[in-house]
Amino acid sequence: MNADTGSFSEYILKLENVVKTFDGFTALHQTSMIIPGRMVFGLLGPNGAGKTTLLRLITGLISPTAGKLTMFGGMEPGSSEARARIGYMPQSLAIYPNLSVEENMLFFGRMYGMEEEALKTRIDEVLETIELTGRRHDILANLSGGMVRRALLGTTLVHRPKLLLLDEPTAGVDPVLRIKIWETLRKLCDEGTSILITTHHISEADRCDRVVFLRSGSIIGDGTPEELTRKYQADDLEKAFVLATREEAVV
Amino acid sequence: MRSVWVAVRVIREISRDRRTLAFFFLAPLVVMTLVYYAIKDDQIVKIGVVTRGAARFFEMDFINTLEMDKDVRMISMPIPDEETDPQTLDRLIRQELAIGGVDGVLYMGEKMITDRFDGREGTLHLYVEGSKPIITSAVFGAIADAMDELAASLPVVIDSSCSSLCADSVNNKPMVLEKHYSYGSDDYRMVDFFLPVLPAFFVFFFTFILSTITFQRERLRGTLERLLVAPVGFYQVIAGYVMGFFTFASLQSIIVVTYILKLIQFDFTWSQTLAFSVVVLLTMLVALNLGLLASFLAHNEFQALQFIPLVILPQIFLADIIWDINGFPMFFRIIAWALPLTHANAAARDIMIRNNPLSNSWMELLILAGFIVVVFTAMTLVAKKKDKSI
């Protein structure tokens, strides 16, 4: 079953029969979907469902075995134009612990070729957003885990990405910080950033504008959380996911 | 009982890591083998004998006497018999020492024989290359051991006016041994030979460790992946690493070289220092690329750590740092040739001890450059295989 491929004149991401295999193992079965911009789009599925594979395909870190993937109205993933528009936050704390918050942000901003003046102004803005202005000169190794995760998000935002790819951004994060991160994401979305987020937490998916259910490399459901709940006549998204899984098994 | 289960778990876990097991059991054997060959025998030395005039009659006696020492190999000197000009002979002998055909040359001229007949000590000339103290002292040792025998092989003088009672007329004075050094002198010490290779060794050692560990962390932490998602190429990242490490390796070289020069109180010219820096820079680039290669080959930091002794230990024994590689079997000599520090050390000594220009070491520099290309290519191939995004 494929996601709704209804036409959107301005899509952020378009997958046409994309397949990805690793040494004979199919991590992503033939998948087609269009992800429109300016929304928080959730990829929900258990571990090994193909979420990270899909994310890495979008970043251009890996290429599809078959099919076509285009972004921002026709750009190839991995092209320098597409890469400049993406902000990627992996699951790991991919940030330099011996640099300060600001030094990390400066480094990643420079990697995206930002002008120094614009970069400094932007860092001030991002520090406000992630609420680390007062700790900007602190070395990450001296910060709490939650602060480091916020700093990581900050380094992802510094070059004003059009599309934010977040791989399990709230994994292992306490509830207070989780709420804060979601507030930040919602604010970014309102300002025009498209967000693609992978999660295996139902409560996270509930906060998305649109959700795709992934299981064993296949899309088994697609819609807003309300649509999906309604479609499977479930009380909540969790039950909808379970029912979608069963239906797929029957098919 | 719980401790037993912990032990079982430890044994099970380690026994599944084949690389660690091989390292654990094989590394000591390799090191012991290297130590064995490094210190097994006295140094074998190649000695040639050149005689002129009446001394020619005693050449075979000299050769036979020296050959009794099992650590001496006699070499036939490729110097024309008819050549008698002392200056040309001196030049030809030094030339043969420079190319390494022979480690020491005993020269005995006509005067030596006439001096002995006249009841004087007589002077035996010993030529050595001089830049390798182990070889030099082995040559001196072999000659010193044989001096009495050599003197005995010379004609005994009988005073015709004396009866058989005056045995004192036999010339039993010890011969004078005059040493001629191509490089160095009697003051040249082991440390003078050893220290000039240390900067290259330290730069190699620390650059390799630093690059292995930092790049391994860059990969495991996911920051490399983030850089590759940003509009940054893999080669740009590598170039950045080279520049970053170059800063530290240069500083380290300056500190080490300055300290060593103070320590051994050698006067080095600026051109020597500059030439030496080129060798150290090339060594650093080899080490950096090797470190990156090791970090891609390793699955985790533990495995990355294992590469350190694997790469460093053979070079300590085989790269001509302390022990002369010619004392090792052919198998190790081939390995030694494939080690970057062998060539870096050869170039460093040529520049610092023999005061030769950089161009004299062009072959070593070319080989080091070759190492950089080969290791860089291997690193890129392994990186692409391990990480499809590169």
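Model, not experiment: these values are computed from the prediction.

A. View of the interface of chain A and chain B. At the interface, 17 residues of chain A touch 13 residues of chain B. Of all the secondary-structure elements, those providing two or more residues to the side of chain A that touches chain B are α2 (80-84) and β5 (86-89) of chain A. Per element, the largest residue contribution to the side of chain A that touches chain B is three residues, and it comes from α2(A). Counted by class, the side of chain A that touches chain B contains twelve nonpolar, four polar and one charged residues.

B. How the structure looks around the domain arrangement of chain B. All names here are of chain B. Looking at chain B, the domain boundaries give domain 1 (45-188) and domain 2 (191-386). Contact residues are listed per partner, giving eight residues for domain 1 and six residues for domain 2. Classifying every residue of the side of domain 1 that touches domain 2 gives five nonpolar, two polar and one charged.

C. Seen up close, the sheet that holds strand β7 (residues 194-199) of chain A. Residue and element names in this part refer to chain A. What the six strands build is an open sheet, ordered β5-β6-β7-β3-β8-β9; its pairing is mixed. Only two strands of the sheet have a single neighbouring strand rather than two, namely β5 and β9 (218-223). Each adjacent strand pair in this sheet contributes to an overall mean axis angle of 15°, direction not counted. Alignment of strand β6 (residues 163-167) against β7, held across five bridges, turns out to be parallel.

D. Here's a closer look at the packing of helix α8 (residues 198-221) of chain B against helix α12 (residues 301-318) of chain B. Residue and element names in this part refer to chain B. Direction vectors running N to C along α8 and α12 enclose 165°, while the axes themselves pass 10 Å from each other. The pairing of α8 with α12 is recorded here as roughly antiparallel in orientation. Crossing angle aside, the handedness with which α8 passes α12 is right-handed. On α12, the residues touching F205, F208, I209, T212, I213 and Q216 of α8 are E301, A304, F307, I308, V311 and I312. Taken together, the residues of the contact of α8 with α12 break down into nine nonpolar, two polar and one charged.

E. Unusual backbone geometry, seen in detail. All names here are of chain A. One non-glycine residue with positive phi stands out, namely R38, at about 55°. By the C-beta count within 10 Å, which is 15 here, R38 ends up partly exposed. The phi dihedral of E168 is positive, around 50°, even though this residue is not glycine. Residue placement: E168 occurs in the loop between β6 and α6 (175-190). Accessibility expressed as a C-beta count within 10 Å gives 21 for E168, which makes it buried.

F. Seen up close, the sheet that holds strand β5 (residues 176-181) of chain B. Residues and elements named next belong to chain B. Taking strand neighbours across the sheet as the criterion, the five strands line up as β2-β1-β3-β4-β5 in an open arrangement whose pairing is mixed. The open sheet is flanked by β2 (72-75) and β5, the only strands paired with a single partner. Pairs of neighbouring strands in the sheet enclose a mean axial angle of 30°, with direction left out of account. Here four bridges tie strand β1 (residues 45-51) to β2, and the two strands are oriented parallel to one another. Across the sheet, residue I47 finds its bridge partner in β2, namely M74. Contacts between helix α6 (residues 133-153) and the sheet are confined to β1, β2, β3 (104-108), β4 (123-128) and β5, with β1 contributing the most and set at about 55° to the helix.

Each value, and the rule that gives it
- Counting restarts for each chain: residues are numbered from 1 in the order of the written sequence.
- Note on labels: chains are lettered from A, ligands numbered from 1, in written order.
- Local features in a predicted model are, by the rule used here, given only for residues with pLDDT of at least 70; side-chain atom pairs are given and counted only at 80 or more, and totals for whole chains, interfaces and linings are based on all residues.
- In this description, any two residues whose backbone-derived C-beta atoms lie within 7 Å of each other are considered to be in contact.
- Labels follow the DSSP assignment, with helices taken as runs of H or I lasting at least four residues and strands as runs of E lasting at least two, numbered in each case from the N terminus.
- Amino acids are sorted into nonpolar (Ala, Val, Leu, Ile, Met, Phe, Trp, Tyr, Cys and Pro), charged (Asp, Glu, Lys and Arg) and polar (every other residue, Gly among them).
- Bear in mind that the domain bounds are from an automatic or database domain assignment.
- If DSSP finds at least two bridges between two strands, the strands pair.
- What counts as an axis is a line fitted to C-alpha atoms, over the stretch in contact for a helix, and the angles between N-to-C directions run from 0 to 180 degrees.
- Every angle not falling under 35 degrees, over 145, or within 65 to 115 is termed oblique; those three ranges are roughly parallel, roughly antiparallel and roughly perpendicular.
- Two helices cross in a left-handed way if the nearer one is turned anticlockwise from the farther one by less than a right angle. They cross in a right-handed way if the turn is clockwise.
- Note on burial: count the other C-beta atoms lying within 10 Å of the residue's C-beta; 20 or more is buried, 12 or fewer is exposed, in between is partly exposed, and C-beta positions come from the backbone.

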